[in-house]
Amino acid sequence: MRFFILISIVSIILVMPIESFALGSNLNLTSCLVSNTGKISTATQDSENNLSIEAGSIQAELGGRVDIQEKIRVTSGLSTITAEEASYDETAGLLKIPKSVVFENPDLIIFGESAKLMTKEKTAIIDGADYQIFSIPARGTASQIRVENGKNIELNEVTYSTCTSIDNSWELSAKKLTINNQSGEGTARNVVLRFKDIPIIYLPYLSFPTNDQRKTGLLAPNLGQSSKRGLEISLPYYWNLAPNIDLTTTPTLMAKRGMQLSTELRFLSAKQGGITQIDYLPNDDQYNKKNRTYISHDQTINLSPNWRMKLNGEYTSDNNYFEDLTGTMSSTSRTHLLREIQLEHFSENWVMEIGMDHYQMIDDSIIAEEKPYRRLPYFNFSGAWNNNTHGLHYALDSEVVFFDKPETIRGSRFHVMPEISAPLNFSGIRITPAIGMDLTKYNLHNSNDNSDSNSSVSPERAVPIYSLDLTGVFHKTWKNGRYLQTLEPRILGVYIPYRNQDAFPIFDTIVPDMNGMQMFQKNRYVGQDRLGDTSQITYGITTQVFDANKSNPLFGFTLGQIRYFKDRKVTLPSETKLTEDSSGYMAMMNMKINKNWSIKLGHMWNTYSNQSMKTTARFQYKSEQSEIFNLAYRYRRNMLKQLDASFSWPVRDHWNVVGRYNYSILDRKVLEQFVGLEYESCCWGIRVISRKHLAYRNGDTDTSFSIEFVFKGLSDIGDPVESLLDRGILGYDLE
């Protein structure tokens, strides 16, 4: 009887790559396969090793034939085999179940017309098998299942689908399927994928893994169409080179440009990991028959527990590569590519970085003065230490960098800023007085004759920084603890005396975008080429209301401003003297109006000029029925003015309409628009998207059409659109 146990073990191995079978005849077209039996297992390892046999009657001849009648039931742990009758020939070592054999456990169920177990050959055969797997779920059939020695499994005329037997929208079939559990490899012959009874894919031979290990082979093809590339067909091939190394090569046929070959190499070990990508398009038909190339490399090497090296870089053969051969606005708007090598050493209190970087410029419209400097090399050191005995906190930030750029001023910059603070805590209120010293020195050469920096080849500064930071955190509950409200006021006073820095070059310093975090920074510039003089107080307050049972706030509001007590004299070359006595008011609010509606607002108002500087507003509707509508407005004075609407809306059972419209009011131009239709059932889906978006720096657009078939439990075929929908529709989630 141990071969009954053998069938159960082998059946589990057999069906795990497959999915489920609809029971009963009362299902309609919207029914789905059952995902589990609803049973909860409490069996122990000992009970799984126990075997029990129940039968109505047994007739046996000594050393001969044994007949078992009237509902046989064999139970081993959570697995059960039932049959109407069985006979065992001890001489031949043959157990026959002539009809109606059923194997089941919490994960699957198999119906067989008949079964044979040959004890001497250690072989089991099930004829006319129907199976259902609850864990995926999926279902299928096989004319015969043959198990040899518990290791080799052979299935003839096998089918597989995640659809019910009533709505058999797609089905995968094979003439013969063989599984070798010892080698972890399976093979299938004459494989056909049918959709609505129409064959759409045929493979004479297919090899696949039967365990978690990767295996070399074809991946699902991608299909798409765009105005700048034409019809696209990609056929990825996966190479399992080693347990920790793999390679994916993807030939892509573009009707308007030719054949592109893309390769992606991944490697991972205890000491290092990385990805290398190479794309090559020879003789681009739309680019004067020139070769197009893109290379990227990203690698991290752990030299020791405290030492790490990072290597990353990108290269492209021409400035128009991303505009012509990629499909996202974030990639087509790139202006330069970074190449960097960096060595890091870190401990509990400090971090050290040594490296160098360089850029490849891919935007011809950027003038020489605006191109970034290369750092050849740079050294950074930062650390923080606590003196618990005296209640003091020490911090140190330092760097040594050599900046290089052709035909302009270049040189080295040394910067170090030690700081000491004494945090004091008083029941929810924290007071932190601090004093720091900014020490910066340059060694400049190769200056342009017209540069103002020629007046000093080694400018330097030594400037103290005084600050007093007061923060508070207060809590309040109301309505019997149902709601929690927090109140977080903060006041930061900063004084930095003036030092003339007109002789300092501008290597990497900018005026940052004002936001809630930048408002509480001591230096109004990002970068060490300028230390802004100031005598100011920044004050702000944040309050949030939480439902006691939820982590996301129901309501949040922040208000802040900077008050200046004197004019600021330190400026960048593009700035004028700063004489305002205050910054703009910055306010942010988010509120969940009800379970479906939410609103998020942000506004910055310049009280000096009495003008709006920046505004964001977003309204969202999201229901439990997956109805999503977003409406957003973005404004930045003299720079940006946009409307953005997106939606994902069910129109009837299984059907969903998606779309986005992003419009620039200043440019009077559509930045991106798409509309699509989705169908999704229990076992398959289809997504059709028509898109038009800004693709070139000169304002030209690209139109594309994408179609994707989703076969649940198998794979997706077509042009993947998930990332487009996730990015373009806030709140969209395919899960």
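Residues numbered from 1 in each chain as written. Predicted model: local features only at pLDDT ≥ 70, side-chain atom pairs only at ≥ 80, totals over all residues. Heavy atoms only, no water.

Thoughts on the overall build of the chain
Piece 1. Regarding its fold elements, the chain presents five helices and 47 strands.
Piece 2. Expressed as a percentage of the 735 residues in the chain, the buried residues total 40%.
Piece 3. A separation threshold of at least 6 residues defines the contact pool for the chain, and within that pool the share at least 24 residues apart is 47%. (Helix = DSSP H or I, 4+ residues; strand = E, 2+ residues; numbered from the N terminus. Buried < 20%, exposed > 50% of the residue type's maximum accessible area, 1.4 Å probe, protein only. Contact = heavy atoms within 4.5 Å.)

Focus on the state of the cysteines
Piece 1. In total, this model carries one disulfide according to the counting rule given.
Piece 2. Each sulfur of the disulfide joining Cys163 and Cys683 lies 1.9 Å from the other. Around the S-S axis, the bridge from Cys163 to Cys683 shows a dihedral of about 85° and counts as right-handed. With Cys163 in the loop between strand E13 (152–160) and strand E14 (170–180) and Cys683 in the loop between strand E44 (669–680) and strand E45 (684–694), this pair connects stretches of sequence that are 520 residues apart.
Piece 3. On the basis of relative accessibility, which here comes to 1%, the residue Cys163 falls in the buried class. (Disulfide = S-S within 2.5 Å.)

Details of the side chain of Asp246
Piece 1. Positionally, Asp246 belongs in strand E21 (residues 245–254).
Piece 2. The class of Asp246 is buried, set by a relative accessible area of 4%.
Piece 3. There is a polar contact of 2.9 Å between the side chain of Asp246 and the side chain of Tyr238.
Piece 4. A polar side-chain atom of Asp246 sits 2.6 Å from a polar atom in the side chain of Arg266. (Polar contact = N/O pair within 3.5 Å; in protein donor to acceptor, adjacent residues only side chain to side chain.)

Here we look at unusual backbone geometry
Piece 1. Here the amide bond leading from Leu376 into Pro377 is cis, since omega sits at -5°, within 30 degrees of zero.
Piece 2. A positive phi angle, close to 55°, is found at Asn190, a residue other than glycine.
Piece 3. With relative accessibility at 35%, the residue Asn190 sits in the partly exposed group.
Piece 4. Backbone geometry at His654 places phi at a positive 75°, although glycine is not the residue there.
Piece 5. Take His654: it is sitting in the loop between strand E42 (640–652) and strand E43 (655–664).

Some words on the pairing of strand E19 (residues 230–234)
In summary, the side chains of a regular strand alternate between the two faces of the sheet.
Piece 1. Pairing between strand E18 (residues 222–226) and E19: five bridges, direction antiparallel. The residue bridging Gly224 from the neighbouring strand is Glu232, located in E19.
Piece 2. Of the strand pairs in this sheet, E19 and E21 are connected by three bridges, and their pairing is antiparallel. Looking at E21, one finds that Ile233 is bridged to Leu253. (Pairing = 2+ DSSP bridges.)

A look at a nonpolar patch on the surface
Piece 1. On the surface, Met591, Ile593, Trp597, Leu601, Phe619, Phe629, Leu631, Trp649, Val651, Trp655 and Leu677 cluster together into a nonpolar patch covering about 900 Å² of accessible area.
Piece 2. At the level of secondary structure, the elements contributing two or more residues to the nonpolar patch comprise strand E39 (597–606), strand E41 (628–636) and E42.
Piece 3. Along the chain, Leu601 turns up in strand E39. (Patch = residues over 30% accessible without salt bridge, like charges linked within 9 Å, V, L, I, M, F, W, Y side chains within 5 Å. Areas by Shrake-Rupley, 256 points an atom, 1.4 Å probe, with all protein chains shown as cover. Salt bridge = Lys/Arg side-chain N within 4 Å of Asp/Glu carboxyl O.)

Comments concerning the pattern of salt bridges
Piece 1. By the definition in use, this model includes 38 salt bridges.
Piece 2. Between Asp438 and Arg461 there is a salt bridge whose closest N-O contact spans 2.8 Å. Pair noted here: Asp438 is in strand E32 (residues 429–445) and Arg461 is in strand E33 (residues 460–472), with a separation of 23 residues, a long-range link. Exposure class is identical for Asp438 and Arg461. Each is buried.
Piece 3. Linking Arg660 and Glu672 is a salt bridge whose minimum nitrogen-to-oxygen distance equals 2.5 Å. Here the residue Arg660 occupies a position in strand E43, and Glu672 occupies one in strand E44, the gap between them amounting to twelve residues.
Piece 4. The buried category is assigned to Arg660, whose relative accessible area is 12%.
Piece 5. For Glu672, a relative accessible area of 0% translates into the label buried.
Piece 6. A cluster of three or more residues bridged by salt bridges with shared partners is formed by Arg257, Asp284, Arg292, Asp318 and Asp324.

Things to note about the environment of His415
Piece 1. Structurally, His415 can be placed in strand E30 (residues 410–421).
Piece 2. Note on His415: relative accessible area 4%, which makes it buried.
Piece 3. Placed 17 residues apart in sequence, His415 and Ser398 show a C-alpha to C-alpha distance of 5.4 Å.
Piece 4. Within the structure, the side chain of His415 is placed 3.0 Å from the side chain of Thr440, a separation counted as a polar contact.

Remarks on the nonpolar core
Piece 1. Counting residues in hydrophobic clusters, the biggest one holds 42 residues, and the most contacted among them are Ile145, Leu155, Trp170, Leu177 and Trp684.
Piece 2. Core analysis: the next-biggest nonpolar cluster, separate from the first, contains 13 residues, Ile465, Val494, Phe520 and Leu531 among them. (Core = buried A, V, L, I, M, F, W, Y, C linked by side-chain atoms within 4.5 Å.)

Describing the packing of aromatic side chains
The description of two aromatic rings rests on the distance between their centres and on the angle between their planes.
Piece 1. Using the criterion set out here, one finds 23 aromatic pairs in the structure.
Piece 2. Between Tyr442 and Phe507, the ring centres sit 6.0 Å apart and the planes meet at 50°, which makes this aromatic pair tilted. One end of the pair, Tyr442, is in strand E32; the other, Phe507, is in the loop between strand E35 (483–496) and strand E36 (534–547), with 65 residues separating them in the sequence. Taken individually, Tyr442 and Phe507 each receive the classification buried, so the pair is uniform in this respect.
Piece 3. By the ring-pair criterion, three or more aromatic residues cluster together here, those being Tyr160, Trp170, Phe195, Trp655, Tyr679, Trp684, Phe709 and Phe711.
Piece 4. Between the NZ or CZ atom of Arg292 and the centre of the ring of Tyr287, over which it lies, the distance is 3.9 Å. (Phe/Tyr/Trp six-rings, centres within 6.5 Å; stacked < 30°, edge-to-face > 60°. Lys NZ or Arg CZ within 6 Å of the ring centre and 35° of its normal.)

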